[in-house]
Amino acid sequence: MYLNCHTYYSLRFGTFSELDLLDLARENAIQELVLTDINNTSACLNFIRKAPEFGVRPIVGIDFRNQVEQLYVGIAKSNQGYKQLNDFLSLHLHQKKDFPERAPNLQETYFVYPLEKVLLMGLTDFAPHEFIGVSVSDLRKLPFSGYLHYRDKLVVLQPVTFRNKRDFNAHRLLRAIDNNTLLSKLASSQVASMDQRMLSVSELSLAFQDYDFILNNTKDLLQDCYIHFDFSPKTKMQNQATYFNTRQEDCDKLRALCLENLSYRYPEDSSFALERVEKELDLIYKMDFVAYFLINWDIVTYAKSKGYFHVGRGSGANSIVAYLLGITDVDPLELDLYFERFLNLFRSSPPDFDIDFSWRDREDVTNYIFNRFQNVALMGTYVTFNYRGVVRELGKVFGLPKEEIDKLSKGDFNASELDTSSQLVLKYGSLIEGFPNYVSVHSSGILISEQPLQCFSATFLPPKGFRTVQFDMHIAEDVGLYKFDILAQRGLSKIREALDVIRYNQPEAKVLDIHEVPKLKKDKRIKQLLKSGESLGCFYIESPAMRLLMKKLKVDNYLTLVAASSVIRPGVAQSGMMREYILRHRDPSRAKRAHPVLLELMPETYGVMVYQEDVIKVAHYFAGLSLAEADVFRRGMSGKYRSRNEFENVQQKFMSNCREKGYEEKVILEVWNQIESFAGYSFAKGHSASYAVESYQSLYLKAYFPLEYMVAVLNNGGGFYQKEIYIHETRMRGARIHLPCINRSRIENVIYGKDLYLGLGNLKELENRVSLRILNQRNRGGDFLSLEDFLDRVTISIESISILIRIGAFAFTGVDKYELLWKAHFSLGHLPRFQAQQRLFAISRSSHTIPKLKTTALEAAFDQIELLGFCLASPFTLLLNPVENKRVAMDFKTRTYRHVDIYGYLVTIKPSRTIKGDMMYFATFLDQQGDIFDAVLFPQVAQKYSFRGKGIYRLYAKVVEEFGCFTLEVIKMRKEPYVQDPRFST
């Protein structure tokens, strides 16, 4: 009897989930109802999926509103009607225009106008699909409205928005947030009536006892509606069904592509690969994933035609078919990759190709996909109200000052000392924390479906203009829509740009084909970089933890790097198995400690679970779960599906099966602990292998073309570290670093031989259009000869020219910066702020007597810190008190387990918590010679000493050694002061 029910996907309006709505219906003995969120269909599919569990027959529709004004409620009579409603909503969301006051004539839908709207519009003509909605509160005015004689058109329209007063309070807060207003100033017109709640069947019948015909009309309307989606485990896949016209054409093409590329991938002997190819093709045919492979092949083929680099990863890298099609560069035979991790007859989840492109190329690839295929949309996702966001929003709603809001959002307060308003923020914040705030775009997922995507939901247009569905990946999978993951990363951009830099800086150099990965794996220089952890700037292997792990493992081959790429993930370390893996790698005889079954399943990793496939293997062979159950188990461990009943059932079966097999409880718990601690963070082996391939490509470029590669790293946003660390690394590799120069620099960083000129884009305050103007003039008229020549040729403001002078961009003139600044102000200082001069001809200049001034090295350093964020001089030269010793990281070998006093320039900090929840820190520093060393502050020390931003710290610490690697355990620490900025000293 309810045609107008809202969930919290009526964004910043509704107050509970679709499951809460179903639970409310069950409590009130409601057996059918219509979900109609406001201009949104996010909850519809899951509502339909879960409704049978609550004894509810689901019907869906949309509450169409212009802002808060309710126009009409659209109800789908069928799946076709649902699509019609989604088409109508999508059109207006795409065009960002208001809905018309009269509903459209859609054959498979009903539209219900609220009585209040009918009265305002004075409607007298109603189409067969149009009705007048009467709420319980409307019953008082119905007899006097003049519409009582429209007996066949009257239906119950009792909105459901709240369950209780708590929901109503949450609603008012959401409306205040949406209107960006104080709660006390929230207009009543922006708030729903508190009587928008669900009554039981008997209460509703009692309310309408004088109007049985209205109840009967409503029942008839509901009975005429039926919508169905198949959510069963064997649901038909909804992706585009064929790549060509028929499935047979697809199958023939896929086989032909595999056979064509066998000799390329396996030039010496491809016969041994053919058996695996046939096995995979047979399964791909049976599971109807031929088009899925061909579409991925199509996307990659387009990218290659444009010269774009890509990396295919995810579990798809386990497939030899993907390898032969060029979707991945990982040889599954070399790594003995478990194809069933990617695809098996019992797998309950879809296959997964993650295809990375350069961040510069991804948008073009996405645009190609939208133009190439018919039914395409980006995957949606929900941005929810988190604690900090809620506190900030409600702080404004309750009128708190910014300082108080900052304190509350950071958790930096004593609850007993808070005033009433702050307490209200925290109290009411809990009402809406976790609610969806708005629908956004999934980071990578693209849907390519057989049917128009409006069959499943409405779509909207985010800023980049690609239509996006209003539901997330989990619901998509439930209904049979499997996403294509098209991602962006900077590692590929670095590789591609490094090759461009080599071409202009070393045009005669012989460069190995970056895709000849087998040759890279044998290269001695690359092996040495891996072994020594000299991988700063290289994809995925540059963090302090990864560099340290590689040194501990003495990584010198591809297989060990693949394992390290997964071992480094948080869960393995937390379970203690990362240390055990290192011990077994260094002493293989220690692997005997593993359970015999685990060692047999995972001999390559010494019986330690390292990859996601290991969870399937252990669940299937160790615990006796079926492959289907094992896959549910693996997915459940990720955390995304833990709450689902199917995972809970499989978890219980895992434990009971192990006990039935006679394993000791200690062994069962040990294995369970391994699985539970790491599976949510681990990689598929193919995923790790894909990352390792890109790491090898990066290492090759760093080994043979270190300066060009580091320039590419800088030009693509760096990586794990700040920009100045990459500049430091480039200098350590032999480059001469120059400040931005108007005659040598571009917007990006550029290298000539060994001379690296920082780009104009590094100047934080210099507008990009000014830089472009400078380059255009230089290209047109040649190098600038002097400041005067520059000012005659370039339109620029005094603010911008001052930045260029202060950074040293006119150093080539040999004129001191202060003198240049005087001249610039004489030329431009009379102009209004930010107004630049426009000259057709050079003008004569009057001469001025300029006082003799000399810029000191300290002043230059502080100018660089202000304008670049760092200085090119050693930070140790800026200390107020000169260093009292020359201790460096090279000394650690002779000081093992002894105390040292050492100065270090802070590079990066990684906060962490112990099992007890205590805070500790891992930190990385540069010593006085520019070498890197690592330190740890355990909780007792971390409580006493804190980091206070970048700068130089003096550490008193104990040198410890583990697996041949040296780190410091800090005992005392203090930040050393810099000299006073001479530009402002008196």
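Everything that follows concerns the structure shown earlier in this document.
(A) Summary view of the overall build of the protein. Across its full length, the protein holds 40 helices and 22 strands. Taken along the three principal axes of its C-alpha coordinates, the protein extends 95 × 80 × 65 Å. Counting across all 986 residues of the protein, residues that qualify as buried make up 58%. Here the analysis covers contacts within the protein between residues at least 6 apart in sequence; of these, 69% occur between residues at least 24 apart. Counting only carbon and sulfur atoms, one obtains 50% of the accessible surface of the protein, whose full area is about 43300 Å². In the protein, the 124 positive side-chain charges and the 117 negative ones have mean positions that sit 6 Å from each other.

(B) Examining the packing of helix H37 (residues 798-807) against helix H38 (residues 817-828) more closely. Orientation of H37 relative to H38, taken along the N-to-C sense of each, is 170 degrees, at an axis distance of 10 Å. Comparing the axis directions of H37 and H38 gives the class roughly antiparallel. Note that H37 runs across H38; the crossing there is right-handed. Each of Ile 798, Ile 801, Ser 802, Ile 805 and Arg 806 in H37 lies in contact with H38, whose residues at this interface are Lys 817, Leu 820, Leu 821, Ala 824, His 825 and Leu 828. The residue inventory of the contact of H37 with H38, partitioned by class, reads 7 nonpolar, 2 polar and 2 charged.

(C) Spatial organisation of the sheet that holds strand E22 (residues 965-975). The sheet built from 5 strands closes into a barrel, its strands ordered E18-E19-E20-E22-E21 with mixed pairing. Here the strands of the sheet are splayed against their neighbours by 50 degrees on average, with no regard to which way each runs. Pairing analysis gives 8 bridges linking strand E18 (residues 899-913) to strand E19 (residues 919-926), with the strands arranged antiparallel. Paired with Tyr 905 across the bridge in E19 is Leu 926.

(D) The arrangement of the environment of Met 194 in detail. The topology assignment puts Met 194 in the loop between helix H6 (165-179) and helix H7 (201-207). Note: C-alpha distance between Met 194 and Arg 163 (31 residues apart in sequence) is 9.6 Å. The residues touching Met 194, leaving out its near neighbours within four places in the chain, are Phe 162, Lys 165 and Phe 168.

(E) Fine view of the packing of aromatic side chains. A full pass over the atoms with the stated rule returns 51 aromatic pairs. Ring geometry for Tyr 266 versus Phe 272: centroids 5.4 Å apart, planes at 80 degrees, classification edge-to-face. The class of Tyr 266 is buried, set by a relative accessible area of 7%. Relative accessible area serves as the criterion here: at 47%, Phe 272 is assigned to the partly exposed category. Considering the side-chain rings of Phe 947 and Tyr 953, the 5.6 Å spacing of their centres and the 65 degrees angle between planes classify their relative orientation as edge-to-face. Neither Phe 947 nor Tyr 953 differs from the other in exposure class; each is buried. One Lys or Arg, Lys 521, reaches over the ring of Tyr 558 and ends 3.8 Å from the middle of that ring.

(F) Layout of the pattern of salt bridges. Taken as a whole and judged by the stated rule, the model has 59 salt bridges. Notably, a salt bridge pairs Asp 891 with Arg 887, separated by 3.8 Å at the nearest N-O pair. The exposure class of Asp 891 is partly exposed, given its relative accessible area of 23%. Taken together, the shared-partner salt bridges connect Arg 806, Lys 817, Asp 863, Glu 866, Asp 981 and Arg 983 into one network.

(G) Molecular detail of the side chain of Glu 724. Residue position: Glu 724 is located in helix H34 (residues 723-732). The exposure class of Glu 724 is buried, given its relative accessible area of 12%. A distance of 2.9 Å separates polar atoms of two side chains, one belonging to Glu 724 and the other to Tyr 905. Not counting residues within four places of it along the chain, the set of residues in contact with Glu 724 comprises Phe 870, Tyr 905 and Lys 950.

(H) How the structure looks around the nonpolar core. Among the nonpolar cores identified, the biggest contains 104 residues, and Tyr 2, Leu 33, Leu 394 and Phe 471 are the most heavily contacted of them. Ranked by residue count, the leading element in this core is H6, at 6 residues. Those residues in contact with Phe 471, other than ones at most four positions away along the chain, are Ser 42, Leu 45, Met 379, Gly 380, Thr 381, Tyr 382, Leu 447, Phe 456, Ser 457, Ala 476 and Leu 481. The next biggest cluster of nonpolar side chains, apart from the first, holds 103 residues, and it includes Leu 335, Ile 526, Leu 756 and Leu 872.

(I) Spotlight on the environment of Phe 398. Structurally, the position occupied by Phe 398 is in the loop between helix H16 (387-397) and helix H17 (402-410). Taking the C-alpha atoms as reference, Phe 398 lies 6.3 Å from Leu 183; in sequence the two are 215 residues apart. Those residues in contact with Phe 398 that sit more than four places away from it in its chain are Leu 173, Leu 182, Leu 183, Leu 424, Val 425 and Tyr 428.

(J) Highlighting helix H20 (residues 490-505). Here H20 is 16 residues long and its end C-alpha atoms lie 22 Å apart, about the 22 Å a rise of 1.5 Å per residue gives. Where H20 is concerned, the buried positions are Gly 491, Leu 492, Ser 493, Lys 494, Ile 495, Glu 497, Ala 498, Leu 499, Val 501, Ile 502 and Asn 505. Where the residues of H20 are buried, they touch strand E8 (310-313), strand E9 (354-358), strand E14 (484-489), helix H32 (685-704), helix H33 (706-715) and strand E16 (750-752). The N-cap of H20, judged by a side-chain oxygen 3.1 Å from the amide nitrogen of Gly 491 a few residues on, is Gln 489.

(K) Expanded view of the sheet that holds strand E1 (residues 2-5). Here we have 7 strands laid out as an open sheet, ordered E1-E2-E3-E4-E5-E6-E7, and mixed in their pairing. Two strands in the sheet have a free side with no partner beyond their single neighbour: E1 and strand E7 (154-156). Taking the axes of each pair of neighbouring strands and ignoring which way they run, one obtains an average angle of 35 degrees across the sheet. Summarising the sheet, strand E2 (residues 32-38) and strand E3 (residues 57-66) pair through 7 bridges and their orientation is parallel. Bridging across to E3, Leu 33 finds its partner in Pro 58. Contacting E1, E2, E3, strand E4 (69-76), strand E5 (109-114), strand E6 (130-134) and E7, helix H8 (residues 212-223) runs over the sheet at an angle of about 80 degrees to E7.

(L) The arrangement of the side chain of Glu 580 in detail. Checked against the element boundaries, Glu 580 lands in helix H26 (residues 577-586). Judged by relative accessible area, which is 14%, Glu 580 ranks as buried. In this structure the side chain of Glu 580 is engaged in a polar contact, spanning 2.9 Å, whose partner is the side chain of Arg 590. In contact with Glu 580, other than residues within four places in its own chain, are Arg 590 and Arg 593.

(M) Main features of H6. Counted at 1.5 Å a residue, the expected span for H6 with its 15 residues is 21 Å, and the 21 Å between its end C-alpha atoms agrees. Taken together, the buried positions of H6 are occupied by Asp 167, Phe 168, Asn 169, Ala 170, His 171, Leu 173, Leu 174, Arg 175, Ala 176 and Ile 177. Buried residues along H6 sit against H16 and helix H18 (420-432). The N-capping residue of H6, defined by a side-chain oxygen 3.2 Å from the backbone nitrogen of Arg 166, is Asn 164. In the segment just after H6, Asn 180 is the residue with positive phi, at about 50 degrees.

Here is what the cut-offs are and how they apply
Residues numbered from 1 in each chain as written. Predicted model: local features only at pLDDT ≥ 70, side-chain atom pairs only at ≥ 80, totals over all residues. Heavy atoms only, no water. Helix = DSSP H or I, 4+ residues; strand = E, 2+ residues; numbered from the N terminus. Buried < 20%, exposed > 50% of the residue type's maximum accessible area, 1.4 Å probe, protein only. Contact = heavy atoms within 4.5 Å. Areas by Shrake-Rupley, 256 points an atom, 1.4 Å probe, with all protein chains shown as cover. Lys, Arg positive; Asp, Glu negative; His and termini not counted. Charge placed at Lys NZ, Arg CZ, Asp CG, Glu CD. Axes fitted to C-alpha atoms, helices over the stretch in contact; angles between N-to-C directions. Parallel < 35°, antiparallel > 145°, perpendicular 65-115°, else oblique. Left-handed = near helix turned anticlockwise from the far one by under 90°. Nonpolar A, V, L, I, M, F, W, Y, C, P; charged D, E, K, R; others polar. Pairing = 2+ DSSP bridges. Phe/Tyr/Trp six-rings, centres within 6.5 Å; stacked < 30°, edge-to-face > 60°. Lys NZ or Arg CZ within 6 Å of the ring centre and 35° of its normal. Salt bridge = Lys/Arg side-chain N within 4 Å of Asp/Glu carboxyl O. Polar contact = N/O pair within 3.5 Å; in protein donor to acceptor, adjacent residues only side chain to side chain. Core = buried A, V, L, I, M, F, W, Y, C linked by side-chain atoms within 4.5 Å. Expected span 1.5 Å × (residues − 1).

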